[in-house]
Amino acid sequence: MFASRQAASLLLRRSATAAASSSAPAAATSALRNGIANNNNLARFMSSSADVATFDLTGSFETYKLDTAPNNTIEMTKEELLGHFELMYTMRRMEITCDNEYKSRAIRGFCHLYDGQEAVATGINSAFEPEDSWITSYRCHCTALARGGTVASILGELFGNIDGQTMGKGGSMHFYNKKHNFFGGQGIVGAQVPVGTGFAFANHYNATPGKPMQVSIACYGDGAANQGQIWESANMASLWNLPMIFCIENNHYGMGTSMDRHSSHSDYYKMGNHIPGVRIDGMNILAVKEGMRFVKEWCGAGNGPMYVEMMTYRYHGHSMSDPGTTYRNREEIALTRSTRDPLEFVKKTVIDAGFADAEQIKETEKRIRKDVAEQVKQAKASTKPTVEPHLFEYVYSSDGGKEQNEFPPHIRMPDFAKSKNY
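Please read all numbers here as calculations on a predicted model, not as lab measurements.

Brief notes about the overall build of the protein
The secondary structure content of the protein amounts to 15 helices and eleven strands. Among the 422 residues that make up the protein, the fraction classed as buried is 53%. At a minimum sequence separation of 6, the contacts of the protein that also span at least 24 residues come to 71%.

Structure, rendered in structure tokens:
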């Protein structure tokens, strides 16, 4: 069982040095490398005035082949920090709802949940502009929410209803929102990375000379990090100096295989060889925001691609069909929840800054829970797509890209009278 292996002990063991001295950068860096970062040490509240607070991020980053680095401090306004908390809490409640609806069989098929990793999507979104391109893996519900979606549109899609974000055709793994430059949701492991590199090529091609380029980011897990298509994409991005961000969301497990068993090189931010990289504490919304601000500016300035490794953790198994406890033990999950939970961290940050007290936080959580429940009811009230006209919408095109809602005559429709499924 994996829990008995060395990597499990690294994940479970908190650094005694880091716990003893919150001002020791070396200890904090060691904790970050092992995926056991102590959030209390890595984003200390420094000062505040009115509605602005400053936080210390020392030890939240490691860099590779870079002469500069993200800042070790960040300023946050009350509105910004509370907004991040509300989005992250909405993500958490939405994913818990997905868990319950899946178990009640209202959601069928594949379903990969993101709870535990909320700081990553929220931090990236806060550092990006709407014009930047974003593509990710099949663990995409929360990214879709951050990138212009609603709980109702996401749950509607999971229920297979017409008011879902992709009209009930995509399901859990295939969210899409072109208006907000969010391109999925890819069902094939690693397949999003070459596509993301294509978006980076387009952004480079369409850039205005003398101005920063819009960047492209492809997020993928540690389990996909050694794929050939990723190496090929990195090679092209480097050759053509593309504004491409290769973002590894390292939650320590490729499906049910720990990273020490599936990768001979676990410093993923160094995998680009000569391509620079940054490792970020992915459980710390402030670190993700500052780190991604730095990465976006660096890539957008024409310096080429960059590798980013987010040190994070997923609470659920790989998917709803995976209990998540056969290759790791419950103590590991509980310890991560109690010491590194991104939601508890941001709540403490809000309180330390004096932006809200514990009672106000509870009231906000109550309001969000109620809103999520109402949006789930709205999603359930929607109807299923029908064969005509919905089946062939956005599938065939013959007029320069505009949707064609009529299917070609050579397509043979099923004989509903003979089909036992209807």
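Considerations on the environment of H390
The residue H390 is located in the segment after α15 (358-381) in this model. Taking the relative accessible area as the measure of exposure, H390 reaches 17% and is therefore buried. For the pair formed by H390 and K169, sequence separation is 221 residues and the distance between their alpha carbons is 9.2 Å. Residues in contact with H390, not counting those within four places in the same chain, are I162, M167, K169 and P385.

A short note on the nonpolar core
With 69 residues, the main nonpolar core has I124, L155, I245 and M292 as its most contacted residues. Looking at this core element by element, the count peaks at nine residues for helix α12 (residues 285-303). Among residues more than four places away in sequence, those in contact with L155 are M94, C98, I107, V376 and A379. Counting residues in hydrophobic clusters, the runner-up holds 20 residues, among them A237, M259, I275 and Y307.

Some details on the pattern of salt bridges
Tallied over the entire structure, the rule returns 17 salt bridges. Of the charged contacts in the structure, one is a salt bridge between E309 and R279, with a shortest N-O distance of 3.0 Å. Taken together, the residues E309 in strand β11 (residues 306-311) and R279 in strand β10 (residues 277-281) connect sequence positions 30 residues apart. The class of R279 is buried, set by a relative accessible area of 1%. Through salt bridges with shared partners, a single ionic network connects E62, D267, K270, R279 and E309.

What about α12?
An α-helical turn contains 3.6 residues, so any two residues separated by three or four positions project in the same direction. If you check α12, its first and last C-alpha atoms are 25 Å apart, about what 19 residues at 1.5 Å a residue would give, namely 27 Å. The buried fraction of α12 is high, at 14 of 19 residues. The first or second residue beyond α12 is G304, which carries a positive phi of 100 degrees.

A look at the environment of E309
Taking the relative accessible area as the measure of exposure, E309 reaches 0% and is therefore buried. Along the chain, E309 and I248 lie 61 residues apart, while their C-alpha atoms are 4.8 Å from each other. Excluding residues within four positions of it along the chain, E309 makes contact with I248, N250, S266, D267, Y268, Y269, V278, R279 and I280. Among the polar contacts listed, one links the side chain of E309 to the backbone nitrogen of Y268, at a separation of 3.2 Å.

Thresholds applied
- Residues numbered from 1 in each chain as written.
- Predicted model: local features only at pLDDT ≥ 70, side-chain atom pairs only at ≥ 80, totals over all residues.
- Heavy atoms only, no water.
- Helix = DSSP H or I, 4+ residues; strand = E, 2+ residues; numbered from the N terminus.
- Buried < 20%, exposed > 50% of the residue type's maximum accessible area, 1.4 Å probe, protein only.
- Contact = heavy atoms within 4.5 Å.
- Core = buried A, V, L, I, M, F, W, Y, C linked by side-chain atoms within 4.5 Å.
- Salt bridge = Lys/Arg side-chain N within 4 Å of Asp/Glu carboxyl O.
- Expected span 1.5 Å × (residues − 1).
- Polar contact = N/O pair within 3.5 Å; in protein donor to acceptor, adjacent residues only side chain to side chain.

These values are about where atoms sit, not about what they do.
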